[in-house]
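What follows is each chain in one-letter form.
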Amino acid sequence: MKFFGSLLYLILGMVNLLVAGLLIFSAYSTWISPVEYPVLSAVGLAFPAFLAVNILFILFWLVFRRGFSLFSFIAILICWSAVRTYLPVNMPSRVPENAIKVLSYNVMAFNSQAPHTPGSPNPILEYIRNSEADIICLQEFVYSSDKKKLTLADINKAWADYPYRKEVKLGVKRKSGNAVACYSKFPVLSARLIDYESGYNGSALFTLLINGDTVSVINNHLESNKLTLEDKTIYKNMLKDQQGSDLQGGVKHLVKKLADASSLRAHQADKIRQVIDSIGDNPLIVCGDFNDSPISYTHRVISKGFTDAFRQSGNGLGISYNQNYFYFRIDHILVSKNYRSLDCTVDRSIRDSDHYPIWCYVVNKK
């Protein structure tokens, strides 16, 4: 009996080593080019699962074989920077009066352009109107010319407190119907599309004048994973029936789609990086819907030299996509070293889009 017990611990120890190795690999998969190795680069999506299993192993070994807990403990230490990025814990800080509130929100066409009337206000319009944000960056900024739906005039009237506003059309020849927008209490001096290939998505560079300083803001809506209703059904079925005969086929199908989209985002991230480098040391805020997790090539390339606001001043997982069981933080706010972020929050109080808004306060360090 003792022999079988020792054999069981040996087998579990080997499994633990494997999972510890996978945790390390997923944490550093951000350095793998999605263009050259698209499937391998997507392993970062599994980082939270590998982290959870390693934590369970630590708890198990502390009860039965304390020394074996070092396998996972050391792996977590090696990946600590990734753990801190994915699951930050921060103490609350006092927000000074001169702090600027930045809000980023994929509004999903304002819930399919739901109309805005005194008797039935559009909830997304009302949320933003009451947000007290100073700078608002919006993705999927889509409205209607039909007065029975939500029009641009409705939006501008509701947000009269934001006198400075610009939108940038996205996609091929800017005819996709999609746009990103910036509404601000500070003057918006200019806005231009960042040139990269995409049929529907895109990024724009806005230049603002904030208390005498010229500040650049890059608002992003990077390539989506283009999951169809059928793909989402496959994913839900996989979660419900993890022993089903179609599990392997479903995994291969979804991984390929995620990998292909990751490859497109890699090109886009590289283009954004070039724009960031051209701005130099001037104040810069980068935000929006990256359609990628904090453990990804996209996030690593764009955030180089920046502070991830959620890592610096947020707490928990900060899941910002709220549908179809794809629970990840794919909306981000990054600030240049000129700024410090405070009280970064993924706001779960509104569910009228498939994304939650993310906001934070920023303070100039000078």
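Look above for the structure.
Below you will find a few notes about this structure. Not measured: the values here are computed from a predicted model. Numbers given for residues are sequential positions, taken from 1 along each chain in its written order. Totals for whole chains, interfaces and linings use every residue, but because this is a predicted model, local features are given only for residues with pLDDT of at least 70 and side-chain atom pairs only at 80 or more, for both listing and counting. For side-chain calculations, the full set of non-hydrogen atoms in the structure is used, while hydrogens and water are omitted.

Our next topic: the overall build of the protein. When helices and strands are tallied, the protein shows twelve helices and twelve strands. For a compact globule of 366 residues, the expected C-alpha radius of gyration is about 21 Å, and the protein comes in at 22 Å, within 12% of that figure. Judged by the C-alpha coordinates and their principal axes, the protein covers about 75 × 50 × 40 Å. By residue count, 51% of the 366 residues in the protein fall in the buried class. For the protein, contacts bridging at least 24 residues in sequence account for 70% of all contacts bridging at least 6. In the protein, the 39 positive side-chain charges and the 30 negative ones have mean positions that sit 3 Å from each other. Think of it this way: any DSSP run of H or I at least four residues long counts as a helix, any run of E at least two long counts as a strand, and we number them from the N terminus. Atoms considered for the radius of gyration are the C-alpha atoms alone. The globule rule reads 2.2 Å times the number of residues to the power 0.38. The buried label applies to any residue whose accessible area, calculated with a 1.4 Å probe on protein chains only, is under 20% of its type's maximum; exposed applies above 50%, and partly exposed to all values in between. The contact criterion used is simple: two residues touch if any of their non-hydrogen atoms lie within 4.5 Å. A residue counts as positive if it is Lys or Arg and as negative if it is Asp or Glu; His and the chain ends are not included. Every charge is mapped to an atom, namely NZ of Lys, CZ of Arg, CG of Asp or CD of Glu.

What follows is about the environment of phenylalanine 60. Along the polypeptide, phenylalanine 60 turns up in helix H3 (residues 47–64). Since its relative accessible area comes to 28%, phenylalanine 60 is described here as partly exposed. In sequence terms phenylalanine 60 and glycine 305 are 245 residues apart; their C-alpha atoms lie 39 Å from each other. Residue contacts for phenylalanine 60: discarding those within four places in its chain leaves Tyr9 and Leu12.

Residues Ser72, Ala75 and Ile76 constitute the buried set of helix H4 (residues 70–78). Along the axis of H4, the buried residues cluster in a sector spanning 100 degrees; they form a single face. Starting at the helix axis, one direction is taken to each C-beta atom, and the arc is that of these directions.

Here we take up the pairing of strand S1 (residues 100–106). On a regular strand, each side chain points to the face opposite its neighbour's, so the side chains alternate between the two faces of the sheet. Within S1, seven of the seven residues are buried, leaving the element largely enclosed by the surrounding structure. Neither face of S1 is left uncovered, since the one carrying Ile100, Val102, Ser104 and Asn106 and the one carrying Lys101, Leu103 and Tyr105 both have all their residues buried. Taken together, the five bridges between S1 and strand S12 (residues 358–364) define a ladder with antiparallel strand orientation. Looking at the pairing, serine 104 lines up with isoleucine 358 of S12. When DSSP finds two or more bridges between a pair of strands, those strands are recorded as paired.

Helix-helix packing is described using two parameters, namely the angle between the two axes and the distance between the axes. Relative to each other, H3 and H4 sit at 140 degrees, their axes nearing to 8 Å. With respect to H4, the axis of H3 lies oblique. Of the two elements, H3 crosses H4, and the hand of that crossing is left-handed. Of the residues in H4, those in contact with Leu51, Asn54, Ile55, Phe57 and Ile58 of H3 are Ser72, Phe73 and Ile76. Partitioning the contact of H3 with H4 into residue classes produces six nonpolar, two polar and no charged. A fitted line through C-alpha atoms serves as each axis, taken over the contacting stretch for helices, and the angle formed by two N-to-C directions is quoted from 0 to 180°. Roughly parallel refers to an angle under 35 degrees, roughly antiparallel to one over 145, roughly perpendicular to one between 65 and 115, and oblique to any angle outside these ranges. Take the far helix as your reference; a near helix turned counterclockwise from it by less than a right angle gives a left-handed crossing, and one turned clockwise gives a right-handed crossing. Note on residue classes: Ala, Val, Leu, Ile, Met, Phe, Trp, Tyr, Cys and Pro are nonpolar, Asp, Glu, Lys and Arg are charged, and everything else, Gly too, is polar.

This paragraph deals with the sheet that holds strand S8 (residues 284–289). Pairing within the open sheet is mixed, and its six strands lie in the order S5-S6-S7-S8-S10-S9. Across the chains shown, the open sheet's two edge strands, defined by having one partner strand only, are strand S5 (188–193) and strand S9 (307–308). Summarising the sheet, strand S7 (residues 213–221) and S8 pair through six bridges and their orientation is parallel. Each bridged residue has a counterpart across the sheet, and for serine 216 the counterpart in S8 is leucine 284.

Glancing now at the packing of aromatic side chains. What describes a pair of aromatic rings is the distance from one ring centre to the other and the angle between the planes of the rings. The pairing test for Phe, Tyr and Trp rings, Trp by its six-membered ring, is centres within 6.5 Å, and the orientation test on the planes gives stacked under 30 degrees, edge-to-face over 60, and tilted for anything in between. Considering all chains together, one arrives at 15 aromatic pairs under this definition. Seen in terms of ring centroids, phenylalanine 141 and tyrosine 143 are 5.5 Å apart; in terms of plane orientation they differ by 70 degrees. Their pairing is edge-to-face. Three or more aromatic residues joined by ring pairs form one cluster here, namely Tyr9, Phe57, Phe60, Trp61, Phe64, Phe68 and Phe71. Should the NZ of a Lys or the CZ of an Arg lie within 6 Å of a ring centre and within 35 degrees of the ring normal, that charge is described as sitting over the ring. Sitting over the face of the ring of tryptophan 359, lysine 101 holds its NZ or CZ atom 4.2 Å from the ring centroid. The positively charged end of arginine 300 is found above the aromatic ring belonging to tryptophan 31, 3.8 Å away from the centroid.

Within the secondary structure, threonine 85 sits in helix H5 (residues 80–86). The residues touching threonine 85, leaving out its near neighbours within four places in the chain, are Pro294, His299, Arg311 and Arg329.

The next point concerns the nonpolar core. The biggest cluster of nonpolar side chains holds 29 residues, and the ones touching the most others in it are Ile135, Phe206, Leu208, Ile285, Ile333 and Val362. What isoleucine 135 contacts, discounting residues up to four positions off in sequence, is Ile100, Lys101, Val102, Leu103, Cys182, Tyr183, Ser184, Phe186, Leu208 and Ile210. Throughout this description, the term nonpolar core refers to a set of buried Ala, Val, Leu, Ile, Met, Phe, Trp, Tyr and Cys residues connected via side-chain atoms within 4.5 Å. In this structure, Ala133, Leu150, Trp159 and Tyr162 belong to the second largest nonpolar core, which totals 22 residues.

In spatial order, the strands read S3-S4-S2-S1-S12-S11; together these six strands make up an open sheet with mixed pairing. Strands at the two margins of the open sheet, each flanked by one partner only, are strand S3 (164–169) and strand S11 (339–346). Across the sheet, the axes of successive neighbouring strands diverge by a mean angle of 15 degrees, strand direction being ignored.

Position of threonine 307 relative to the elements: it lies in strand S9. Taking the C-alpha atoms as reference points, threonine 307 and valine 286, separated by 21 residues in sequence, lie 10.0 Å from one another. Every residue in contact with threonine 307, bar those within four places of it in the chain, is listed here: Gln312, Ile333, Leu334, Val335 and Lys337. What qualifies as a polar contact is a pair of N or O atoms within 3.5 Å, subject to a donor-acceptor requirement within protein and to the restriction that residues adjacent in sequence count only when both atoms come from side chains. At a separation of 3.5 Å, a polar atom in the side chain of threonine 307 contacts the side chain of lysine 337.

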